[in-house]
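Each chain is listed here by its residues.
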Amino acid sequence: MFSDHYQSLNELWEQKAEPLFWLFILFAACGYCAQYFIFKRLRVLADTAHDLNQAEPSNKNQVVIVKDEISQLAANMQNLRNTIKKQEENNQRYTQQLIDNQNSLERIANFDRLTGLPNRLKFSEIVNSQRQAVGLKYANIAVLMLDMDNFKIVNDAVGHELGNDLIIEVSRRLASLLTKDQIIARIGGDEFAIVIPETYHKIKAPALCRQIFKALSFPIKIKNWPVQLSASIGVAYHSEITTNEEDLITQADIALYRAKIKGRNQYIEYVQEMDVMQKRRLTIASSFEQAIQANELNLLYQPKLDKGGTVIGFEALLRWYSPQLGDVSPAEFIPIAEQLGKINQLTKWVIKRGISDIEYIQKSYWRKLQFAFNLSTLDIFSESTLRAIRHLFKSSDLDLNLIEFEITESAYMHNFREARRAVDEIRKMGCKIALDDFGTGYSSMSYLTQIRADTLKIDKFFINNLFNNENDQKITQAIIQLAHSLNMQVVAEGVENASQSEFLFNSGCDYLQGYYYSPAVSADQIIKTINRLERRDTVVPLSSA
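Residues numbered from 1 in each chain as written. Predicted model: local features only at pLDDT ≥ 70, side-chain atom pairs only at ≥ 80, totals over all residues. Heavy atoms only, no water.

1. Points about the pattern of salt bridges
Between side chains of opposite charge, pairing is possible as soon as their charged atoms come close. Across all of its chains, the model carries 21 salt bridges by this definition. Residue arginine 186 is joined to aspartate 112 by a salt bridge in which the shortest nitrogen-to-oxygen separation is 3.2 Å. Of this pair, arginine 186 sits in strand 2 (residues 183-186) while aspartate 112 sits in the loop between helix 2 (60-110) and helix 3 (120-132), and the two are 74 residues apart along the sequence. Exposure class is identical for arginine 186 and aspartate 112. Each is buried. Across the pair glutamate 246 and arginine 120 runs a salt bridge, and its minimum N-O distance is 3.7 Å. Highlighted residues: glutamate 246 in helix 7 (residues 245-262) and arginine 120 in helix 3, separated in sequence by 126 residues. Residue glutamate 246 is classed as partly exposed on the basis of its relative accessible area of 25%. Classification of arginine 120 as buried rests on a relative accessible area of 19%. Through salt bridges with shared partners, a single ionic network connects Lys304, Glu315, Glu404, Glu406, Lys457 and Glu493. (Salt bridge = Lys/Arg side-chain N within 4 Å of Asp/Glu carboxyl O. Helix = DSSP H or I, 4+ residues; strand = E, 2+ residues; numbered from the N terminus. Buried < 20%, exposed > 50% of the residue type's maximum accessible area, 1.4 Å probe, protein only.)

So this is what it looks like as structure tokens:
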């Protein structure tokens, strides 16, 4: 990022400042030469006049010549004064232009053009200045790194110009929360940073985080369309291990990443153990291509059963085993893939492998089974990904009525119109749509009535708490009734014991999925798993999962 600033400075110097500088030198040289020759001529005339005063004129013509010379000298002197005055005015103007260009260069180097806020370079200087005041003026300082959740999706949906309007409004809301000694900067596209001098140790930062969440909870209207945004925040405090301002900023950035993994729309404070996690994250980020090329990725399939114990289908789940990293959880690598723009590539790999596995199963098993694939929110808004999926299916012999795509409800809420268009494209292929993780996101009833989904999946959060919280039982039953009233089938995932299974089926749930029945299995184990489950040998100890 620093190199970009210096490149901009060099370009502006070459285009504006440097030509003006050399022009100033040229004018100065010309002025000096003019003065030299005029004063030289003046000296000659002065000597001549002195000689004439000392001697008798030889004739009248010589006197006339001298008078003409003196008149010409007076005229030249006047011209010289005018030239010098004009040169001084030009010099002042060019000097002011140089000063203005220097100020412009400094502003470009240190401030964000869109919002007018300090940029990362300037923010580092500010943090360093306040860090040096710790123990003198301040008890401590805190750095907050703030990133808008899923802003790329929103920006792609509304367009670059309206996306800029969103950034400006977000920066305005954030700045309105700060005191005069708290400084905000725009670090990147949708990333902001705030430095907080702490008069009392670790009090102001958490309070400001809560204020930020509240300020962003109110929708932003862009051309009368309300856009709902949220943010994740990483917080780091100056300590003995932060030897410079960059350490402090990096620690806040590491904490920000942990906040995003943990579930977004929350803040996480940095602890030193996160450094190990950061190194693992960087290794994961650099290993996607190798994972695909070296066949480190694998698809497993978890069965779904109806109340009678019949296996009706499977959900495809992506897994990654790396010789260097070991087992890499989807909760780890999926967010990183989304941030790096690799998720579409992974999705295409999943669909291609899934088609191959399903064709293998269909040749070996007589009964038709449903198969579900997960789509990222970024997949939903990627026309190239949907086009690639359509092409892959056209090249297969699959019955697409048995293929289902699971999308999260948050995909709809980011841009309902675009999400609905993508869902319509999927349905035109002949595939079904399932609304995944229902109840953990926005759960807007008004949107739910407009979503063209065939299945609603209850998030395992509610399943885990069925017998810990009576309200979760009521919510789960209400979700089932609501889905049925909208002609949707209901799947509960994360079922881990017989009590959960009995309650859900008695409440009207259509299908169940979870370790109580089976962990996810490889494609070549699907038929064996079906035979085992349908003999009612259903219970699988969790330790074997």
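What follows picks up the thread again.
2. A short note on the side chain of threonine 476
Turning to its location among the elements, threonine 476 is positioned in helix 18 (residues 470-485). Beyond its immediate chain neighbours, meaning those up to four positions away, threonine 476 contacts Ile458, Phe462, Leu466 and Leu504. (Contact = heavy atoms within 4.5 Å.)

3. A word on the pairing of strand 8 (residues 297-306)
Along strand 8, eight of the ten residues are buried, which leaves the element largely enclosed by surrounding structure. Of the strand pairs in this sheet, strand 8 and strand 9 (residues 311-322) are connected by nine bridges, and their pairing is antiparallel. Bridging from a neighbouring strand, leucine 299 pairs with leucine 318 of strand 9. Between strand 8 and strand 9, which follow one another and run antiparallel, lie four residues, and glycine 309 among them has a positive phi close to 90°. (Pairing = 2+ DSSP bridges.)

4. Concerning the pairing of strand 14 (residues 455-458)
Burial along strand 14 is two-sided: the face carrying Thr455 and Lys457 and the face carrying Leu456 and Ile458 are both buried. For strand 13 (residues 432-438) and strand 14, the ladder comprises three bridges, and the chain directions are parallel. Looking across to strand 14, one finds that alanine 434 is bridged to threonine 455.

5. Here we look at unusual backbone geometry
Note on backbone geometry: most residues besides glycine have negative phi, and most peptide bonds are trans. Phi at asparagine 295 is positive, roughly 55°, even though this residue is not glycine. Counting through the fold element by element, asparagine 295 comes out in the loop between helix 9 (288-293) and strand 8. Unlike most non-glycine residues, asparagine 487 shows phi in positive territory, near 60°. Inspection of the secondary structure assignment puts asparagine 487 in the loop between helix 18 and strand 15 (489-493). Take asparagine 487: its relative accessible area is 71%, and that puts it in the exposed class.

6. A word on the nonpolar core
The biggest cluster of nonpolar side chains holds 80 residues, and the ones touching the most others in it are Phe371, Phe373, Phe393, Ile403, Phe405 and Leu504. The leading source of residues in this core is helix 11 (residues 343-364), at eight residues. Not counting residues within four places of it along the chain, the set of residues in contact with phenylalanine 373 comprises Ala316, Val350, Ile351, Gly354, Ile358, Ile403, Glu404, Phe405 and Glu406. Grouped together as the second largest cluster of nonpolar side chains are 32 residues, Ile184, Phe192, Ile222 and Val235 included. (Core = buried A, V, L, I, M, F, W, Y, C linked by side-chain atoms within 4.5 Å.)

7. Notes on the environment of serine 395
Among the secondary structure elements, serine 395 is positioned in the loop between helix 13 (383-394) and strand 12 (403-408). Measuring from C-alpha to C-alpha, the distance between serine 395 and isoleucine 355 comes to 9.7 Å, with 40 residues separating the pair along the chain. Among the polar contacts listed, one links the side chain of serine 395 to the backbone oxygen of histidine 391, at a separation of 3.0 Å. (Polar contact = N/O pair within 3.5 Å; in protein donor to acceptor, adjacent residues only side chain to side chain.)

8. What to know about the sheet that holds strand 1 (residues 140-148)
Working definition: the strands of a sheet are paired by backbone hydrogen bonds and lie parallel or antiparallel to each other. Strand order across the open sheet formed by five strands is 2-3-1-6-7, with mixed pairing between neighbours. The sheet terminates laterally at strand 2 and strand 7 (267-269), the two strands that pair on one side only. Strand-to-strand twist across the sheet, computed as the mean angle between neighbouring axes with direction ignored, equals 20°. Looking at chain direction, strand 2 and strand 3 (residues 191-198) are connected through four bridges and run antiparallel. Bridged to isoleucine 183 within strand 3 is valine 195. Its contacts with the sheet place helix 7 against strand 1, strand 3, strand 6 (231-237) and strand 7, and it is angled at close to 140° to strand 6. (Axes fitted to C-alpha atoms, helices over the stretch in contact; angles between N-to-C directions.)

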